[in-house]
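The primary structure of each chain is shown beneath.
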Amino acid sequence: NHTNERLQKTFTETMIDAVMEEYKEEKIIVDNIEHEDNETVIRFFEGKMGLIPLLNEECIRPQGSDAGFVNKVYATHSTTSKSSKLVFQRNYQLSKTLFGIRHFAKDVTYDATGFLMKNKDTLPFDVLSCAVKSTNHIIRSGLSLHESSTPKKKISLVGTSLWSSFERQMTTLFTQIKRTRVWFVRCIIPNNNKQPFSLDLKCTLTQLRSVGLLTALKMSHASFPNKQAFDHILRRFWFLGSFGDKYAFGKVDGREEEIREDCEKLLGSVLSDGKGGEGSVGEGGDHMSLYETGRTKVYFREGSLEELESERAKAFDKSASKIQARVRGIKARKDFKKLRAQLVIQKQEAIERKKLSIYLIPFAILPLFLLRYMFGSVRRPRSNRLNRGTWH
């Protein structure tokens with residue numbers, strides 16, 4: 001856990017250096033970046049009255065014990081202050097060897113049983129000095145490195161403690177790491193059951209918070225959460241400005257200075273406050289612009305890019321309404337013309353049918369007159385009555 005704290009500190013410092021270096025290259029002035037660090041925890045380990053010196057001191061005492069080390073820790077460090085990294089002792093009233101530390105990830109409870117014995121697990125200085133003078137090449141070469149990292153003076157009866165030696169080696173390692181370009185690989189376990197295709201959100205979020213990724217994101221986004229290149233801004237929001245067809249359909253051609261000037265004009269006209277307006281106000285009452293333009297990018301404060309995207313959506317809605325109105329108008333006029341043509345055809349057909357009926361009336365009556373003329377009046381003759389006789 002001591003190593004994890006040093007790794008977290010290096011990770012935080014690397015993130016800050018990377019962000020500040022980017023701002024410096026883009027000529028963006030940033031006063032400070034708020035971030036959470038674990039410097040207090042590291043001082044609690046390595047400070048003048050930290051856990052390492054207290055444990056070494058308890059190892060020197062003739063009657064030193066694990067319980068005595070825990071009592072010395074609670075007697076030296078306060079647990080009432082907000083910045084204290086020591087958990088309240090009353091939480092461990094049933095044990096004299098339990099104590100807790102508020103690490104960067106979470107609180108961890110330790111059992112000091114065997115701490116003194118493990119810390120003394122090292123070669124005494126006299127034995128080490130004698131061993132390196134051995135005529136055996138294997139012994140001499142194997143212990144020469146250990147001797148070089150050990151102080152020449154006798155600072156304790158047990159020589160260099162295990163934790164102190166580990167601290168020096170770790171300090172040397174991180175000193176070399178700072179001279180290089182560091183890349184961090186964070187391994188996240190999707191679930192505790194080791195099941196494939198299963199993502200436990202609570203487990204994943206706890207790991208992201210514990211390894212400091214959430215803190216790193218908050219730190220990098222503290223001043224300017226969003227950043228976009230000049231050409232990307234013009235390709236995405238060109239129609240919000242008065243550029244005509246200069247950047248139509250994402251066509252961005254021109255000198256870098258011209259593109260930057262057009263981008264500043266666009267943002268100044270679209271954003272409500274702009275760089276010259278009131279903008280937002282910081283905690284100290286200082287003026288904070290909604291965005292800052294660097295050499296190649298635009299850095300937006302919280303909410304600025306969202307406002308720009310909102311204006312883009314409104315412009316899309318307005319244009320879509322115009323297009324829909326035009327299309328619907330064309331369709332309605334087309335349907336109206338089609339309906340009117342159908343009505344004209346139906347009216348013409350009705351007139352033609354009426355004319356045709358007028359023309360056909362004589363041809364329908366003429367055969368009747370001809371028949372009457374040819375056969376004259378045809379009457380039905382009366383039927384004779386039958387004479388009813390009787391049978392004789």
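What you see is a predicted model; the values in this text were computed from it and never measured. For every chain, the first residue of its written sequence is number 1, and the numbers climb from 1 along that sequence. In keeping with the model being predicted, local features are shown solely for residues with a pLDDT of at least 70 and side-chain atom pairs are shown and tallied solely at 80 or more, while totals for entire chains, interfaces and linings include all residues. Water and hydrogen atoms were dropped before computing side-chain values, which therefore reflect all heavy atoms in the structure.

**A look at unusual backbone geometry**
The phi angle at Lys27 is positive, at roughly 60°, despite the residue not being glycine. Its identity as a non-glycine residue notwithstanding, Lys194 has a phi of 60°, on the positive side. Note on conventions: DSSP H or I runs of at least 4 residues are helices, E runs of at least 2 residues are strands, and numbering of each starts at the N terminus. Mapped onto the secondary structure, Lys194 falls in the loop between helix 8 (162–178) and helix 9 (201–210). For Lys194, a relative accessible area of 80% gives the class exposed. Residue burial is assigned from relative accessible area. The probe radius is 1.4 Å, only protein chains are included, and a residue is buried under 20% of its type maximum, exposed over 50%, and partly exposed in between.

**Notes on the sheet that holds strand 3 (residues 226–229)**
On the basis of which strands lie adjacent, the open sheet formed by three strands has the order 3-7-6 and antiparallel pairing. Strand pairing shows two members of the sheet lacking a second neighbour, strand 3 and strand 6 (291–293), which therefore form its edges. On average, each strand axis in the sheet is inclined to that of its neighbour by 20°, with strand direction left out of account. Sheet topology note: the strand 6/strand 7 (residues 297–300) ladder contains three bridges and is antiparallel. Bridging from a neighbouring strand, Thr293 pairs with Val298 of strand 7. By this definition, two strands are paired if DSSP reports at least two bridges between them. For helices, the fitted axis covers only the stretch in contact; all axes are lines through C-alpha atoms, and the angles between them, taken along N-to-C directions, range from 0 to 180 degrees.

**Things to note about the confidence of the model for the protein chain**
A residue's pLDDT is the confidence the predictor assigns to it, expressed on a 0 to 100 scale. Summarising the model, the protein chain shows a mean pLDDT of 80, and 82% of its residues fall at 70 or more. Across residues 153–158, confidence stays below pLDDT 50; counting only partners more than four residues off in sequence or on other chains, it has nine contacts. Between two residues, a contact is recorded if the distance between any of their heavy atoms is within 4.5 Å. Taken as a whole, residues 274–285 scores under 50 in pLDDT and shows 24 contacts with residues more than four places along the chain or in a different chain.

**Observations concerning the packing of aromatic side chains**
Pairing of aromatic rings covers Phe, Tyr and the six-membered ring of Trp, with a centre-to-centre limit of 6.5 Å; geometry is then stacked below 30 degrees between planes, edge-to-face above 60, and tilted otherwise. Counted by the stated rule, this structure contains 12 aromatic pairs. Seen in terms of ring centroids, Phe45 and Trp163 are 6.0 Å apart; in terms of plane orientation they differ by 70°. Their pairing is edge-to-face. With Phe45 in helix 2 (residues 39–46) and Trp163 in helix 8, this residue pair connects regions lying 118 residues apart in the sequence. You'll find Phe45 and Trp163 in the same group, each marked buried. With a centroid separation of 5.6 Å and 25° between ring planes, the pair formed by Phe99 and Tyr110 is classed as stacked. One end of the pair, Phe99, is in strand 1 (residues 98–102); the other, Tyr110, is in strand 2 (residues 107–111), and 11 residues separate them in sequence. Take Tyr110: its relative accessible area is 17%, and that puts it in the buried class. An aromatic cluster is built from Phe69, Phe99, Tyr110 and Phe115, whose rings are joined through pairwise contacts. Positioned above the aromatic ring of Phe11 is the side chain of Arg186, whose terminal nitrogen or guanidinium carbon lies 4.6 Å from the ring centre. Charges are assigned to positions over rings by a cutoff of 6 Å between ring centre and Lys NZ or Arg CZ, combined with an angular limit of 35 degrees from the ring normal.

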